[in-house]
Each structure stands twice: as structure tokens, then as C-alpha cells.
Amino acid sequence: MRTEKVVVEKYNTRWINEFFKLKLYFQKILGDRIIAIEHVGSTAVYGLAAKPIIDIDIIIDNYNNFSEIISRLKKHGYYYEGDLGIKDRHAFRYDKSIFMAHHLYVCPKYSKELKRHILFRNYLRSHEKDMKKYGEVKLKGASIYPENIEKYMQYKENIINEIYKKLNLK
């Protein structure tokens, strides 16, 4: 799903409920082929301003059953897009959904990107000062670049890199 307009909202408690609906849906589709389903990204951090799009990482053990996962998701309207240049993080798009807007990724348990997502989320959940600072940057970036997702992403880069440095990720 390509972001056409950059919209960042103050935290909404609806997001966690929407994640759980999606989680149950994907658990039914994929069952024992997966290890876990993680709510990652800004909507997973209580109090953090975010684009109202749920980020989901489905965790698999390895690639042994990946073609079956692709097939099962396709039957439910999710189409494999490849890794989009990020090793061991596989993206899926959908044309329409009964659920809130979301990004869906499938990652093996050893994925560096999965680790980054979870560490970043957990850090923000437990460091309120940095979480609020990050939220302010996101809100300001969206107001400056509402029509340009690339510039919005660049605007956030410094604070993200500061946090990655604290996590020894860069």
C-alpha cells in the first residue's frame, strides 16, 4: 500500500483493537505455519502520534513453508510484493479490505528487520520522553510534507537514527 497523503494523528486507542482483529484473521488463515504475529510501528506504542496504518509482522520459523503462506494469503486477497529491498522482510499488498489500513510483512524469526521493529517499538514503549519527541517530529513532518512521503521519511531520519544509536542498531 503506497502512502499518497501523509497524515499523522494523535494516538488513538482504536488502533490496538484493530490490530487484534487483524491478528485473529491472520491466525485463522495461517494457523500452525507461523510462530507469532507482532504489532509493530507507531500505532503499537501507547500515546505515540502515528499514521493511522497498522504495521504487522508475521513471524515464521524459516522459509520451508513460505510458498504455502503466500498461497494462503493470496486466497484472501493479499498479494506478495517481494522484499522491497529489505532482506528477510516480505511485503504483501491488498486491493481492498474489511479492516483498517495496514501494512503486512512476513519475516523469519532471525530477520534483522524484525529485530529492529521490535526493539524500536519496545524502546518507545518504555522511554516516554523519546516517544513524545518522536511523535512531535512526526506531526511536524506531516504538516511540512503532507504530499511527499519520501521527504516526510527523511525529516524523521535524525530522531530515528538517534534511537537506533541508543539501541546499538546503527
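Everything discussed here concerns the structure shown above.
What you see is a predicted model, and the numbers here were worked out from it, not measured in a lab. (Residues numbered from 1 in each chain as written. Predicted model: local features only at pLDDT ≥ 70, side-chain atom pairs only at ≥ 80, totals over all residues. Heavy atoms only, no water.)

Caption draft 1: Region of the structure containing the side chain of Asp88. Relative to the helices and strands, Asp88 resides in the loop between strand E3 (78-82) and strand E4 (90-94). A residue is classified by how much of its surface remains accessible, and Asp88, at 12% relative accessible area, is buried. At 2.5 Å, the side chain of Asp88 forms a polar contact with the side chain of Tyr63. In contact with Asp88, not counting residues within four places along its chain, are Tyr63, Val106, Cys107, Pro108, Tyr110 and Ser111. (Helix = DSSP H or I, 4+ residues; strand = E, 2+ residues; numbered from the N terminus. Buried < 20%, exposed > 50% of the residue type's maximum accessible area, 1.4 Å probe, protein only. Polar contact = N/O pair within 3.5 Å; in protein donor to acceptor, adjacent residues only side chain to side chain. Contact = heavy atoms within 4.5 Å.)

Caption draft 2: Representation of the pattern of salt bridges in the model. Under the counting rule described, the total for this entry stands at 13 salt bridges. Between Lys5 and Glu147 there is a salt bridge, with its nearest N and O atoms 3.0 Å apart. Residue Lys5 is found in the segment before helix H1 (14-30), and its partner Glu147 is found in the loop between helix H4 (128-144) and helix H5 (149-166); the two are separated by 142 residues along the sequence. The class for Lys5 is partly exposed, based on a relative accessible area of 46%. For Glu147, a relative accessible area of 58% translates into the label exposed. Of the charged contacts in the structure, one is a salt bridge between Lys166 and Asp130, with a shortest N-O distance of 2.8 Å. Here the residue Lys166 occupies a position in helix H5, and Asp130 occupies one in helix H4, the gap between them amounting to 36 residues. Take Asp130: its relative accessible area is 13%, and that puts it in the buried class. Residues joined by salt bridges that share partners form a network here, namely Arg14, Glu18 and Lys21. (Salt bridge = Lys/Arg side-chain N within 4 Å of Asp/Glu carboxyl O.)

Caption draft 3: Broad picture of the packing of aromatic side chains. This structure, assessed with the given rule, holds 13 aromatic pairs. Between Tyr63 and Phe66 the ring centres are 5.5 Å apart and the planes differ by 80°, which places this aromatic pair in the edge-to-face class. Judged by relative accessible area, which is 29%, Tyr63 ranks as partly exposed. Taken together through their ring pairs, the aromatic side chains of Tyr25, Phe26, Tyr78, Tyr94 and Phe99 make up a single cluster. Positioned above the aromatic ring of Tyr164, the side-chain terminus of Arg116 is 4.8 Å from the ring centre. (Phe/Tyr/Trp six-rings, centres within 6.5 Å; stacked < 30°, edge-to-face > 60°. Lys NZ or Arg CZ within 6 Å of the ring centre and 35° of its normal.)

Caption draft 4: Examining H5 more closely. In this model H5 runs 26 Å from its N-terminal to its C-terminal C-alpha over 18 residues, within 8% of the 26 Å that 1.5 Å per residue would give. A maximum bend of about 45° is found in H5 at Glu157. Within H5, the full set of buried residues consists of Ile149, Tyr152, Lys156, Ile159, Ile160, Ile163 and Tyr164. On its buried face, H5 sits against helix H3 (112-126) and H4. The N-capping residue of H5, defined by a side-chain oxygen 3.1 Å from the backbone nitrogen of Glu150, is Asn148. (Expected span 1.5 Å × (residues − 1). Bend = angle between axes of the 7 residues up to and from the residue.)

Caption draft 5: Focus on the sheet that holds strand E1 (residues 36-40). With mixed pairing, five strands are arranged side by side in an open sheet as E1-E2-E5-E4-E3. Strands at the two margins of the open sheet, each flanked by one partner only, are E1 and E3. Taking the axes of each pair of neighbouring strands and ignoring which way they run, one obtains an average angle of 30° across the sheet. Bridge count for E4 against strand E5 (residues 102-108) is three bridges, and the pairing is antiparallel. Within E5, the residue paired with Ala91 across the bridge is Tyr105. (Pairing = 2+ DSSP bridges. Axes fitted to C-alpha atoms, helices over the stretch in contact; angles between N-to-C directions.)

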